[in-house]
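Chain residues, written in single-letter form:
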Amino acid sequence: MKRRFKKWLLLLLALIMPLPLGGCWDTFEPERMVYAYGMGVDYKKGQYIVYLQIINLGLLAKTEVSGGNSEVNVEVGRATGKTVDQAMSNLYHSAQRRIFWGHLSFLVLTEEALKQDGVKSVVDLLDRYRETRYRIWFYATKDSLPKILLNTPILGMSSALSRISDPKATFQQNSFIQPINMREVLISINEPVHEASIPVITITKENWMTEKKPHESLEIKGIAVIKRNKLKGVVMGNQANGLRWMNKKMKRSGLTVKGKPKDIDVLVANVKAKVKPIIKKGNIQFDVRVKGEAVIDHVEQNFNRLALEAKIENKIKNEIMKTYLYGLSIDTDIYHLTEVLYRKNVRVWKKVEQNGKVPLSKESLRNIQVKIEVIHGEKQRDKPTI
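This write-up is about the structure you can find in this document. Position numbers for residues start from 1 in each chain and track the written sequence from start to end. Residues qualify for local features only when their pLDDT is at least 70, as the model is predicted, and side-chain atom pairs are given and counted only at 80 or more; totals for whole chains, interfaces and linings, by contrast, use all residues. To obtain the side-chain values, all non-hydrogen atoms of the structure were used and water was disregarded.

Each regular strand shows side chains that alternate between the opposite faces of the sheet. Pairs of strands are assigned from DSSP output, requiring at least two bridges between the strands. Only runs of H or I of at least four residues qualify as helices and only runs of E of at least two qualify as strands under DSSP, and these elements are numbered from the N terminus. Both strand S11 (residues 264–280) and strand S12 (residues 283–298) contribute to a ladder of 14 bridges, which runs antiparallel. Across the sheet, residue Lys280 finds its bridge partner in S12, namely Asn283. Counting the residues between successive antiparallel strands, the hairpin from S11 to S12 contains two residues, one of them, Lys281, with a positive phi of roughly 55 degrees. Summarising the sheet, S12 and strand S13 (residues 365–376) pair through 10 bridges and their orientation is parallel. The residue of S13 that forms the bridge with Lys291 is Lys371.

For an α-helix, the turn length of 3.6 residues means that residues three or four places apart are oriented alike. Burial here depends on accessible area, computed with a 1.4 Å probe over protein chains only, as a share of the maximum for the residue type. Under 20% is buried, over 50% is exposed, and the range in between is partly exposed. If you check which residues of helix H8 (residues 182–190) are buried, you get Met182, Glu184, Val185, Ser188 and Ile189. Each buried residue of H8 lies within a common arc of 155 degrees when the element is viewed along its axis, so the set occupies one face. Against the buried residues of H8 lie helix H5 (118–128), strand S6 (137–141) and strand S7 (195–209). Backbone nitrogen of Arg183 and a side-chain oxygen of the N-cap are separated by 3.2 Å at the start of H8; the cap is Asn181. Think of the arc as the fan of directions from the helix axis to the C-beta atoms. When checking whether two residues touch, look at their non-hydrogen atoms; a contact exists if any pair is within 4.5 Å. We call two N or O atoms a polar contact when they sit within 3.5 Å, provided that within protein one can donate a hydrogen and the other can accept it, with sequence-adjacent residues counted only if both atoms are side-chain atoms.

We now examine the nonpolar core. Joining through side-chain atoms within 4.5 Å is the link that ties buried Ala, Val, Leu, Ile, Met, Phe, Trp, Tyr and Cys residues into a set, and such a set is a nonpolar core. Counting 63 residues, the largest nonpolar core has Val268, Ile312 and Ile316 as the members making the most contacts within it. Among residues more than four places away in sequence, those in contact with Ile316 are Trp245, Leu255, Val268, Val370 and Ile372. Grouped together as the second largest cluster of nonpolar side chains are 38 residues, Leu104, Val119, Ile136 and Ala196 included.

In spatial order, the strands read S10-S11-S12-S13; together these four strands make up an open sheet with mixed pairing. Two strands bound the open sheet, and with one partner strand each, they are strand S10 (252–257) and S13. Recorded for the sheet is a direction-independent mean angle of 35 degrees between the axes of neighbouring strands. Against the sheet, helix H9 (residues 305–329) touches S10, S11, S12 and S13, its axis set at about 140 degrees to S13. Helix axes are fitted to C-alpha atoms over the stretch in contact, other axes to C-alpha atoms as well, and angles between N-to-C directions run from 0 to 180 degrees. Here helix H10 (residues 337–344) sits on the sheet and contacts S11, S12 and S13; the angle it forms with S11, its principal contact strand, is near 55 degrees.

All right, on to the pattern of salt bridges then. Salt bridge, as applied in this entry: a Lys or Arg side-chain nitrogen positioned within 4 Å of an Asp or Glu carboxyl oxygen. In total, this model carries 12 salt bridges according to the counting rule given. Between Lys232 and Asp331 there is a salt bridge, with its nearest N and O atoms 3.4 Å apart. Residue Lys232 is found in strand S9 (residues 230–236), and its partner Asp331 is found in the loop between H9 and H10; the two are separated by 99 residues along the sequence. Residue classification places Lys232 among the partly exposed residues on the basis of a relative accessible area of 34%. Here the residues in one salt-bridge network are Glu191, Glu339 and Arg343, joined through shared partners.

A separate point is the packing of aromatic side chains. Side-chain rings of Phe, Tyr and Trp (the six-membered ring for Trp) are treated as a pair once their centres are within 6.5 Å; stacked means planes under 30 degrees apart, edge-to-face means over 60, and tilted covers the remaining angles. Inspection of the entire model under this criterion finds four aromatic pairs. For the ring pair Tyr35 and Phe100, a centre distance of 5.8 Å and an interplane angle of 75 degrees mean the geometry is edge-to-face. Taken together, the residues span a long stretch of sequence, with Tyr35 in strand S1 (residues 33–44) and Phe100 in strand S4 (residues 98–100) at a distance of 65 residues. Here Tyr324 and Tyr335 contribute two aromatic rings whose centre-to-centre distance is 6.3 Å and whose plane-to-plane angle is 10 degrees, an arrangement assigned as stacked. Of this pair, Tyr324 sits in helix H9 while Tyr335 sits in the loop between H9 and H10; the two residues are 11 residues apart in sequence, bridging distant segments of the chain. For the residue pair Tyr324 and Tyr335, the accessibility class agrees, reading buried in each case.

Quick look at a nonpolar patch on the surface now. Surface patches are defined over residues having more than 30% relative accessible area and no salt bridge, joining like charges when they lie within 9 Å and nonpolar side chains (Val, Leu, Ile, Met, Phe, Trp, Tyr) when within 5 Å. Surface exposure here means Shrake-Rupley accessible area, sampled with a 1.4 Å probe, where a residue is shielded only by the protein chains that are shown. A surface patch of nonpolar side chains, amounting to about 1,100 Å² of accessible area, comprises Phe5, Trp8, Leu9, Leu10, Leu11, Leu12, Leu13, Leu15, Ile16 and Met17. Relative accessible area serves as the criterion here: at 57%, Phe5 is assigned to the exposed category.

Purely spatial values, then, with no claim about function.
Next comes the structure, spelled out in structure tokens:
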């Protein structure tokens, strides 16, 4: 009796054990899917236009080893709709395979899309979808979205290694405009002053070329200021230079100061900026203190170290003020001074805020103190090389 019971028990276990193996029947094999890596959103004639960049992940390892190949690296799909979600649904109609969104790396919005609540529409869509992540990088542009999404990095590298899909790689070397991801966008538009600064990218033919022709490359040119989900204004080129000195994540940046008879190039690093609100009789102002170090990159004449430090400090101070004043001209708190007051003294902030923002003027920046120490000039120290 016991033997028969054991046989039936073993038979039952043999029948039950394969059942858990069926748990993967509803999954999709990786090689049978296509992978969305970049997305663009435009707005024209009452319709949202969605572009979806699909990259060949199978080429990633090959291009890293061989430096290039002749296979198709990237394709871009296009669809329209009254909403971003509707446009995406229409794009699915022509999809050849299931689209996997877990590798989506960046999003580019045109100025027209930003003026039409484009940020709110896209963030709401991506934030709710289970496959996407908060690490998606955000950008704005005036240029053609198909050209941006079809742009390939130098030396035939995979699009997974492009300027906009991996912005931290270049930011470590030259900290001009800080990249911003979806998590940071959500925080910025939901905290005082309800503004987010999104990097603006453009296509340039001026900097790189091959043996055959100029190579179109992507370049960060400034920021687009988004307030309450709509475009407030754009700060480009030299007008945005002050942002790098007020950025807590700034690594290093080049600077040229006037000298006699020739200019001196320095590399400024380890910059630390502190903003302190000053409250007197209901009047609110802010003191800014910036400290950092400088290394001499290029010098062709002898110089006085203290005089050079003073020139560097004065130029940084002027850049900070120039960017601040331009921010005021488009009615934006470009250094988020309102948030500083909110964090430091919320009671005062509640008394003076207007729609979440502290009223600002030229005099609101009471004092800008900059202290830069020239620590050395590399191999030649502080002596000219010629």
